[in-house]
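# Examining the three-dimensional arrangement
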Amino acid sequence: MILDWKSILIPYEQAVEELKVKFKSIRNEYRKMNEYSPIEFVTGRVKEISSILEKSRKRNIPLDKIEEEMEDIAGIRIMCQLVDDIDRVVQLIRDRDGKDLKIVLEKDYITDIKESGYRSYHIIIKYWVQTAMGEKEILAEIQIRTLAMNFWATIEHSLNYKFKQNIPNDIKARLKNAAEAAFLLDKEMSEIRDEITDAQEMFKRTSYIVAEI
Ligand code: 0O2
């Protein structure tokens, strides 16, 4: 079966560009208002044709069904500083459900950590793009994760590439330890931030009392 990849991928490229702009705008809005942004940075990509073919082979997805069944041809990644920020970003996306996107499925790999040690929150959406050929509905995957989760996933992904999806057991075990360390880092940073916020609140209260005296 010969596919016209160029025309298949055009709407996905457009969707990735549009979604990146939308989430970056949210971050910029918070910054302009001098408010803390739950979004630290945003990236996006259209899956390589070779990866699409590999995944369709592995999952037994017929090539004429990839647009309906492959959820991550268009992928957006939203990085947050802290774990709590992930909930805020998920809520921001849920608030848009039925507006400029439609949520199809949520996968919580933060509660249900993957066997590899992978943690992230995934939301599969339906998204509509206006192309020169008319409106096109596509599926896209939004991955939301902390900076620590992203660091781990990036290293693990490149090791998988290096070892052709066959990471030696000793390295796999060390990656699991590293995933645990990343989890502890996230936990520690959240607690430190809570301490700082509490301290600031206390400082505000005592300075009011001093001012009243
Ligand atoms: P790429 O290069 O990012 O496109 P599954 O059968 O559960 O493994 P499924 O059903 O396709 O995968 O969906 P899932 O679990 O939501 O995973 C989709 C994407 O999540 C992957 O895309 C990765 O980007 C990321 N991901 C999932 N599991 C892992 C993991 O163990 N390690 C890392 N580093 N990333 C993971 P692709 O197609 O694998 O890769």
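Remember, predicted model here, so these are calculated numbers, not experimental data. (Residues numbered from 1 in each chain as written. Predicted model: local features only at pLDDT ≥ 70, side-chain atom pairs only at ≥ 80, totals over all residues. Heavy atoms only, no water.)

### So, unusual backbone geometry
- Even without a glycine there, the phi angle at N60 is positive, about 55 degrees.
- Structurally, the position occupied by N60 is in the loop between α2 (49–58) and α3 (66–69).
- Residue N60 is classed as exposed on the basis of its relative accessible area, which comes to 66%.
- Positive phi, normally seen in glycine, also occurs at K164, with a value near 50 degrees.
- With respect to the secondary-structure elements, K164 resides in the loop between α5 (147–162) and α6 (169–212). (Helix = DSSP H or I, 4+ residues; strand = E, 2+ residues; numbered from the N terminus. Buried < 20%, exposed > 50% of the residue type's maximum accessible area, 1.4 Å probe, protein only.)

### A word on the side chain of S37
- Within the secondary structure, S37 is located in the loop between α1 (5–32) and β1 (41–46).
- Look at S37 and you get buried, because its relative accessible area is 5%.
- A polar atom in the side chain of S37 sits 2.7 Å from the backbone oxygen of I39.
- Excluding its chain neighbours within four sequence positions, the residues that come into contact with S37 are R27 and Y30. (Polar contact = N/O pair within 3.5 Å; in protein donor to acceptor, adjacent residues only side chain to side chain. Contact = heavy atoms within 4.5 Å.)

### Some points on the layout of surface pockets
- There is about 1,400 Å³ of room inside the largest pocket.
- Around the largest pocket, the lining is made up of 35 residues, and of these K47, K55, D72, H157 and Q165 lie nearest the centre.
- Those elements that provide at least two residues to the lining of the largest pocket are β1, α2, β5 (134–146) and α5.
- Among the elements that line the lining of the largest pocket, the one with the most residues is α5, at seven residues.
- When grouped by side-chain class, the residues that make up the lining of the largest pocket number seven nonpolar, ten polar and 18 charged. (1 Å grid on protein atoms, 1.4 Å probe; cavity = no way out; pocket = protein on both sides within 12 Å on 5 of 7 lines; lining within 4 Å. Points joined across faces, edges and corners; volume = space filled by probe spheres on them. Nonpolar A, V, L, I, M, F, W, Y, C, P; charged D, E, K, R; others polar.)

### Examining the sheet that holds β1
- In spatial order, the strands read β1-β2-β5-β4-β3; together these five strands make up an open sheet with mixed pairing. Of all the strands in the sheet, the pair left with one neighbour each is β1 and β3 (102–108). Across this sheet, the average inter-strand angle for adjacent strands is 25 degrees, counted without regard to direction.
- For β1 and strand β2 (residues 74–80), the ladder comprises six bridges, and the chain directions are antiparallel. Among the inter-strand pairings, T43 is bridged to a residue of β2, identified as R77.
- On top of the sheet, helix α4 (residues 83–95) reaches β2, β3, β4 (121–131) and β5; it is set at about 165 degrees to β5, its chief contact.
- Running at roughly 100 degrees to β5, α5 makes contact with β1, β2 and β5 of the sheet. (Pairing = 2+ DSSP bridges. Axes fitted to C-alpha atoms, helices over the stretch in contact; angles between N-to-C directions.)

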